[in-house]
Structures are given as structure tokens and as C-alpha cells.
Amino acid sequence: MTTEIDVPDRPDGYATFIADLKRRVRGTQLRAVRAANTEVLRLYWSVGRDILDRQRDEGWGAKVVGQISADLRREFPGQRGWSPRSLHYMRKLADAWPLEEEFVQQAAAHIPWGHVMVLLDRLEDRAEREWYATEAARYGWSRASLEFEIKTDLRGRQGSAPSNFTATLEDFDSDLARQAVKDRYVFEHLDPREHRAERDREQVLTDRIQDTLLELGRDMAFVGRQYRIEVGGDEFFVDLLFFHVTQLRYVVVELKVGKFQPSHIGQIGTYVAMVDGLVRNPQVHAKTVGILLCTERNEATLDFALAGTASPVAVALYEGLTAQERAALPKPGELEAVIGEEMRAHAPETVRPVR
């Protein structure tokens, strides 16, 4: 039990001192857990490497994995994870990253073991594995989130939406703006069968704004829905207005149900110009951009339409998931159940992998 000590006269600067001390303790704890996780993954890599080498150089067969498993389980009865299935994953890990130091320098060595198994199961290309490992480490994805982003091809969707950014922004700003836009958005919480009207879809995206922001990008902050702008006594309403906190720019989002029409560009281009001229602080903020979200688009007409506006606009596709499709996605903890109880902890009690 913690005893509360009453110190009525704390010295000047004490509050700042104790706040900094708590921050340092938490930071050290986190670094210690991450370091322990990396050491566990080093062990798994070395076990897998040894099995691969023996099988290649000394002709050990596949059945030896079962014998290794039995011996390790007898020697370390308090440790789970030395099943044949676990050892096969370790072998696969070493095969995917042939050099230990090369593996340790990658983000995959700094994410939980369960995440690494997802990468090994779902992806064959090494560059793809490293990209998703980096994103998982950066944003703290759960295993279910990692599964979902791979399933919906997050890497392929990133930064590839058709736009006129190169014609309407400076080169460096154009590159940044492209990074903030996906070619296709998948809103897991939007059911296209239930939410058919544009206003209904706006409502569910704002009702579940945290989930919406996760898909739009973690650097996005929500400003407002049906954001009102008055120009010369007339009122205009932007469907959704966001602010990119890293690039320091407003992002206008217009939501359309159905196929892209060239007239949509005129509408969103006008809204982008209004936000840029009346809301943005030009001394602080980068130029405003727009993202037109539609469910279909005709690439042939798209280029002409984008060339017809001076406002920086991208046209992206979006989709939702039906209840049946959502049910098919992995839930938090579900992957553990599939892999097996023994995969939850491969290390002794003092060195547990990060979950």
C-alpha cells in the first residue's frame, strides 16, 4: 500500500520536478519493455537460424522440429511457446531476414511477436513487411489493426489519389499534400446498405469520428461538419473540414454517393478557395487542399475536370463495410486464439514480449 506523505510546504519548483521525474520513469519503463521485446525476437531469430543451418548443412529433416520442441518444453516447463508451430515461425523469421543485425535494425524487431507472425503469414515481399512493421511501430497498431490494414492494402492506397497538386502547389508542398491523401478509403464503420444518403454517411463518419480519423490519417484533426462560411451575405456549408496538424493545413472533404461528376470539382474547388481565403492564416498555415470522396470515378473525365480548377484537389474513392464484412474481420485478441495459447508468451516471466 502506498503511503501519502503530507508535505504542506513543498519547495518552489517541486511540481515541475516531480512531473519531470514521473515522465522519465515512465519513459525508462517503456524503453526497458521495448528492449526486452527486441532481445526476445533476437532469440527467436537465432533459434530459427540454427534450425535452417542444420537442415541445410547436415541434412536434418522436418521432423527434427518436433524433437526440438519436446526437449525445450521439458527443459523450460514454465515457458509457453516452444511448440512445433512456434519453431516453424522462428525458422520462417530467419529465412525472411537472413542476417541478424539486418533484422534488428528493422522495425520488425521492435514490434510484438504476434505482429511479426502476421507479417510472415500475410506478406511475401520483404519491402512490404518492413513498411507495415514501420507503420505498426509508429502508430501502435494492435494485431487486429495490422491485419485490417494489410487486408485493405493501406500501402497501395497511400499517396496515389488522382490530383492536380503538381499544377496548383509548389513542388515541395505538392509532395507533402500527396502524402496526406489515399487513393481509396475504407471506413469500416460505414455500412453502404444502411447509410445510403450523403447526409447519413456524413453523420456516421462524425458520430464515429475517432474511427474516421484513423482511416483519414492520424495527423488529421476534426474541425467540423457542415462547416459554415459566409461570403457576401450568402451561406455555404462544407461537408467535413479537417486540419492536418503536421502539415499545418486545412483539408476540405466533400462526400458524394455515386459516380464522380465534373461538376463536383467546381463545388469543392470553390469551398477550398473559400477556406483558403477566409479561414486559413497565410502567415502560419500551408495552402488548403480538398479531397473529393466518391464511390465511382471515370478516369477519362477526371483529368479534364482537375485541370479546370485552380484549387488543389484530389479525387479519391471510398467504401464502407457491411455488417457481414465487418464480422469477417479479426477482432482484438482473436488472432491470439487462432495462433494458440502457447503463442502468447514465449519468454520467461521476467522477460515478456510486448502485447
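Our subject is the structure listed above.
Summary of the structure given here. (Residues numbered from 1 in each chain as written. Predicted model: local features only at pLDDT ≥ 70, side-chain atom pairs only at ≥ 80, totals over all residues. Heavy atoms only, no water.)

**Topic: the overall build of the protein chain**
Okay, step 1: The helix and strand inventory of the protein chain stands at 16 helices and 6 strands.
Okay, step 2: A buried classification covers 44% of the 355 residues belonging to the protein chain.
Okay, step 3: Of the contacts made within the protein chain by residues no fewer than 6 positions apart, 64% connect residues no fewer than 24 positions apart. (Helix = DSSP H or I, 4+ residues; strand = E, 2+ residues; numbered from the N terminus. Buried < 20%, exposed > 50% of the residue type's maximum accessible area, 1.4 Å probe, protein only. Contact = heavy atoms within 4.5 Å.)

**Considering the packing of aromatic side chains**
What characterises a pair of aromatic rings is the spacing of the ring centres plus the angle enclosed by the ring planes.
Okay, step 1: Under the counting rule described, the total for this entry stands at 8 aromatic pairs.
Okay, step 2: Taking 4.9 Å as the distance between ring centres and 80 degrees as the angle between the ring planes, the aromatic pair formed by tryptophan 131 and tyrosine 132 counts as edge-to-face.
Okay, step 3: Residue classification places tyrosine 132 among the buried residues on the basis of a relative accessible area of 1%. (Phe/Tyr/Trp six-rings, centres within 6.5 Å; stacked < 30°, edge-to-face > 60°.)

**Topic: unusual backbone geometry**
Okay, step 1: A positive phi is found at glutamine 226, a non-glycine position, where the angle reads about 50 degrees.
Okay, step 2: Relative to the elements of secondary structure, glutamine 226 occurs in strand S2 (residues 220–231).
Okay, step 3: Even without a glycine there, the phi angle at leucine 248 is positive, about 55 degrees.
Okay, step 4: Tracing the backbone through its elements, the reader meets leucine 248 in the loop between strand S3 (234–244) and strand S4 (249–255).

**A word on the nonpolar core**
Okay, step 1: In terms of nonpolar packing, the biggest core is built from 37 residues, with Leu93, Phe103 and Trp113 touching the most fellow members.
Okay, step 2: Those elements giving two or more residues to this core turn out to be helix H1 (14–57), helix H2 (64–75), helix H3 (84–96), helix H4 (100–104), helix H5 (113–122), helix H6 (126–139) and helix H7 (143–151).
Okay, step 3: Per element, the largest residue contribution to this core is 7 residues, and it comes from H1.
Okay, step 4: Among the nonpolar cores identified, the runner-up in size contains 24 residues, and Leu169, Tyr185, Leu216 and Tyr318 belong to it. (Core = buried A, V, L, I, M, F, W, Y, C linked by side-chain atoms within 4.5 Å.)

**Remarks on the sheet that holds S2**
Okay, step 1: Reading across from one edge, S1-S6-S5-S4-S3-S2 is the order of the 6 strands in this open sheet, with mixed pairing throughout. What marks the edges here is a single partner per strand, and that holds for strand S1 (184–187) and S2. Here the average twist between neighbouring strands, direction ignored, is 35 degrees. (Pairing = 2+ DSSP bridges. Axes fitted to C-alpha atoms, helices over the stretch in contact; angles between N-to-C directions.)

**Considerations on the pairing of strand S6 (residues 313–320)**
Okay, step 1: Among the 8 residues in S6, 6 count as buried, and that is most of the element.
Okay, step 2: In terms of strand pairing, S1 meets S6 through 4 bridges, oriented parallel. What sits directly across from tyrosine 185, in S6, is tyrosine 318.
Okay, step 3: Sheet analysis places strand S5 (residues 289–294) next to S6, joined by 5 bridges and oriented parallel. Bridging across to S6, isoleucine 291 finds its partner in alanine 314.

**Examining the pattern of salt bridges**
Okay, step 1: Tallied over the full model, the rule gives 28 salt bridges.
Okay, step 2: The partner of aspartate 173 in a salt bridge is arginine 249, and the shortest N-O contact between them spans 2.4 Å. Of this pair, aspartate 173 sits in helix H10 (residues 171–179) while arginine 249 sits in strand S4; the two residues are 76 residues apart in sequence, bridging distant segments of the chain.
Okay, step 3: Judged by its relative accessible area of 7%, aspartate 173 is buried.
Okay, step 4: Measuring nitrogen to oxygen at the nearest pair gives 3.2 Å for the salt bridge that ties arginine 225 to glutamate 202. You can see arginine 225 sitting in strand S2 and its partner glutamate 202 sitting in helix H11 (residues 198–207), a full 23 residues away along the chain. (Salt bridge = Lys/Arg side-chain N within 4 Å of Asp/Glu carboxyl O.)

**Here's the deal with the packing of H3 against H5**
Okay, step 1: Running from N to C, H3 and H5 cross one another at 70 degrees; their axes reach a closest spacing of 10 Å. Classified by the angle between their axes, H3 and H5 sit roughly perpendicular to one another. The element H3 and its partner H5 pack so that their crossing is left-handed. Residues Tyr89, Met90, Lys92, Leu93 and Ala96 of H3 lie in contact with H5, whose contacting residues are Trp113, Val116, Met117, Leu120 and Asp121.
Okay, step 2: Here the residues of the contact of H3 with H5 are counted per class, giving 8 nonpolar, no polar and 2 charged. (Parallel < 35°, antiparallel > 145°, perpendicular 65-115°, else oblique. Left-handed = near helix turned anticlockwise from the far one by under 90°. Nonpolar A, V, L, I, M, F, W, Y, C, P; charged D, E, K, R; others polar.)

Read these as layout, nothing more, since geometry by itself doesn't imply function.
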